[in-house]
Amino acid sequence: MPVLPPPDPGLIARRAAIAADLRRLVPGVSVLEAASERLAYECDALTAHRSPPLLVVLPRTTAEVAAILRYCHDHAVPVVPRGAGTSLSGGATPMADAVLLGMARFNRILEIDRENRCATVEPGVTNLAISQAVAGLGLFYAPDPSSQIACTIGGNVAENSGGVHCLKYGLTTNNVIGVEFVTIEGEIIDIGGKAYGAPGYDVLGALVGSEGLLGIVTRVTVRLLPLPPVARALLIGFATVEQAAATVGAIIAAGIIPAGMEMMDRPAILAAEAFVHAGYPRDVDALLIVELDGCPVEVDDLVARVAALAGENNATICRASRSDAERALFWAGRKAAFPAVGRLAPDYLCMDGTIPRRRLPEMLGRITEMEARFGLKVANVFHAGDGNLHPLIMFDANLPDQTEQAEAFGAEILRLCVAMGGALSGEHGIGLEKRDLMPEMFSERDLEQQMRLKCAFDAGALLNPGKVFPTPCRCAELGKMHVHRGDLRFADLPRF
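First things first, this report covers the structure right here in the doc. (Residues numbered from 1 in each chain as written. Predicted model: local features only at pLDDT ≥ 70, side-chain atom pairs only at ≥ 80, totals over all residues. Heavy atoms only, no water.)

Quick notes on the overall build of the protein
Broken down by element type, the protein carries 18 helices and 19 strands. The globule rule puts the C-alpha radius of gyration for 496 residues at 23 Å, and the 23 Å found for the protein is close to it. With the C-alpha coordinates of the protein rotated into their principal frame, the extents come out at 65 × 60 × 45 Å. Out of the 496 residues in the protein, the part that is buried amounts to 55%. (Helix = DSSP H or I, 4+ residues; strand = E, 2+ residues; numbered from the N terminus. Rg over C-alpha atoms; globule rule 2.2 N^0.38 Å. Buried < 20%, exposed > 50% of the residue type's maximum accessible area, 1.4 Å probe, protein only.)

Next up, the structure:
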């Protein structure tokens, strides 16, 4: 089980004094000090790891965030940022000697710019709220994690979140064009904006997916896309997972890029159907949901081509949605798969890794073998189009050693992902959960280079410490290696 660095007893002893100082910086009921108040923030959605923070601070403005960070920098107080707490990788897991910076009050949509097809929002705005706000203009925001009703844009930026439509429309990094963020020294920086293709180093690209290790995002500009005139979804059932995986490959090989293409195995199908009643067939071992969008003639043609490819791979059922309501119901079952599986066991661990699409059948076979060896059941959900796996490992944390068994099971799946030519994460991030597996994918030199970037932004390693890197950032040492000047700071980087 990954562990966080040991707490600093000196900071814990100074809790009351630090709280008093922060109250002077952030007015109103914005600093939570009581044990009962801090307990509500003891974990994110990776509930196996719990640790109440030193304090919770709930700022309302960028100036307040800057003041808090400046204070924490000057007093060597670690800071853990938190959005809605939906992180499944422990990215917002608190530390006993750290200030937890809650960004939930940054919940305003600041501007909708129809002409430039973008919106500027605060990081506490929920993902779904953006699409709802611009639907009347015929626009939408493409990334759509299953938790989009609750997860926030700031968290999406931190983890580079995806969703069922990322196959065609991209991840968060493909849909964010500007951010305002605050450095650990309290400096407010604007990167990017409404124009595409800013020159210079891609600092925006480094910030998206940086998991709160480089700075605190306080404003985000996202690109908006026109709602497609028509969208239809196909519900396709197969007797075997191999047939479903072959169909996925055939669709991509034919040059068809669906808006979304998801796969579920039998346990996930039965759980989702019992929970949502989406009309899923109960007598198949694998189910594909393939959504196609565009102009009516194009969609009709693509639906026919995908249905033909499914038939060539022995699909037992192929049904196209007849209305937007039915299409939404198809997706409702898939998006509710995680809570649906929660009805099958007291606890589950949601993994997140990627593999080449062609190896999906092999991976499922290996997971089945692991089920027998670890004595735990799994329901599998895939973003099949881009090979992003979400095995849901079911266990009971009240039984001795089952949590450790589930984590060992998950680690073996992720090692296998890397061995198959994939990656440790597709969209959930590394956080605490996968931190100790980073050497499976990166050499020591690779990790040193990544740490060097971290140190350029945060020389004291105060932002979200204990996450992502399996060893602490040695900023003083790393700054002298392969760099002409030892004092490498964010201030030395070009600005946009």
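Okay, back to it.
Considering helix α10 (residues 266–276)
Think of an α-helix as turning once every 3.6 residues; residues three or four places apart then point the same way. Regarding α10, the residues found buried are A268, I269, A271, A272 and E273. Close packing links the buried residues of α10 with β13 (260–265), β14 (286–294), α12 (324–335), α13 (337–341) and β18 (378–383). Following α10 by one or two positions, H277 adopts a phi angle in the positive range, close to 55°. (Contact = heavy atoms within 4.5 Å.)

Quick notes on the packing of aromatic side chains
As enumerated under the stated definition, the model contains 3 aromatic pairs in all. An angle of 85° between the planes, with centres 5.6 Å apart, marks the rings of F140 and Y169 as edge-to-face. Here F140, found in strand β7 (residues 139–140), pairs with Y169, found in helix α7 (residues 166–169); they are 29 residues apart in sequence, far enough to count as distant. An identical accessibility class is assigned to F140 and Y169; each is buried. Pairing F374 with F409 gives two aromatic rings, centres 4.9 Å apart and planes at 10°, and the pair type is stacked. Placement of the pair is F374 in helix α14 (residues 360–374) and F409 in helix α15 (residues 402–419), with a sequence separation of 35 residues. (Phe/Tyr/Trp six-rings, centres within 6.5 Å; stacked < 30°, edge-to-face > 60°.)

Section: the side chain of E427
Looking at the element boundaries, E427 is found in the loop between α15 and α16 (438–441). Buried and unpaired, E427 has R334 as its nearest opposite-charge partner, separated by 5.9 Å. One polar contact links E427 to H383, side chain to side chain, over a distance of 2.7 Å. Setting aside anything within four residues of it in sequence, one finds E427 in contact with E159, N160, S161, G162, G163, D352, H383, N388 and H390. (Lys, Arg positive; Asp, Glu negative; His and termini not counted. Salt bridge = Lys/Arg side-chain N within 4 Å of Asp/Glu carboxyl O. Polar contact = N/O pair within 3.5 Å; in protein donor to acceptor, adjacent residues only side chain to side chain.)

A look at the layout of surface pockets
Considering only enclosed or pocket space, the second largest pocket measures out at about 660 Å³ in volume. In terms of lining, the second largest pocket is formed by 25 residues, of which the most central are F140, H165, L227, E291 and R327. Of all the secondary-structure elements, those providing two or more residues to the lining of the second largest pocket are α5 (127–134), β7, β12 (230–238), β14 and α12. It is α12 that contributes the most residues to the lining of the second largest pocket, 6 residues altogether. Counted by class, the lining of the second largest pocket contains 15 nonpolar, 4 polar and 6 charged residues. (1 Å grid on protein atoms, 1.4 Å probe; cavity = no way out; pocket = protein on both sides within 12 Å on 5 of 7 lines; lining within 4 Å. Points joined across faces, edges and corners; volume = space filled by probe spheres on them. Nonpolar A, V, L, I, M, F, W, Y, C, P; charged D, E, K, R; others polar.)

Observations concerning unusual backbone geometry
Positive phi, normally seen in glycine, also occurs at N160, with a value near 55°. The topology assignment puts N160 in the loop between α6 (153–159) and α7. Positive phi values are uncommon outside glycine, yet E211 reaches one of about 60°. Tracing the sequence through the fold places E211 in the loop between α8 (203–207) and β10 (216–223).

So, the side chain of T120
Among the secondary structure elements, T120 is positioned in strand β6 (residues 118–121). When its relative accessible area of 9% is taken as the criterion, T120 is described as buried. At 3.1 Å, the side chain of T120 forms a polar contact with the side chain of T221. Not counting residues up to four positions away in its chain, the partners in contact with T120 are I109, L110, E111, R219, V220 and T221.

Considering the pattern of salt bridges
Scanning the entire structure with this criterion turns up 27 salt bridges. A salt bridge links R327 to D324; the nearest nitrogen and oxygen atoms lie 3.7 Å apart. Taken together, the residues span about one helical turn, with R327 and D324 both in helix α12 at a distance of 3 residues. On the basis of relative accessible area, R327 is assigned to the buried category, the value being 19%. Salt bridges here are not isolated pairs; linked through shared partners, they connect E111, D113 and K194.

Considerations on the packing of α14 against α15
Between α14 and α15, the shortest axis-to-axis distance is 11 Å and the interhelical angle comes to 155°. Overall, the two elements α14 and α15 adopt an arrangement that is roughly antiparallel. Like other packed secondary-structure pairs, α14 and α15 cross with a definite hand, here right-handed. Between α14 and α15, the residues in contact are M363, R366, I367, M370, E371, R373 and F374 and Q405, A408, F409, E412, I413, L416 and C417, respectively. (Axes fitted to C-alpha atoms, helices over the stretch in contact; angles between N-to-C directions. Parallel < 35°, antiparallel > 145°, perpendicular 65-115°, else oblique. Left-handed = near helix turned anticlockwise from the far one by under 90°.)

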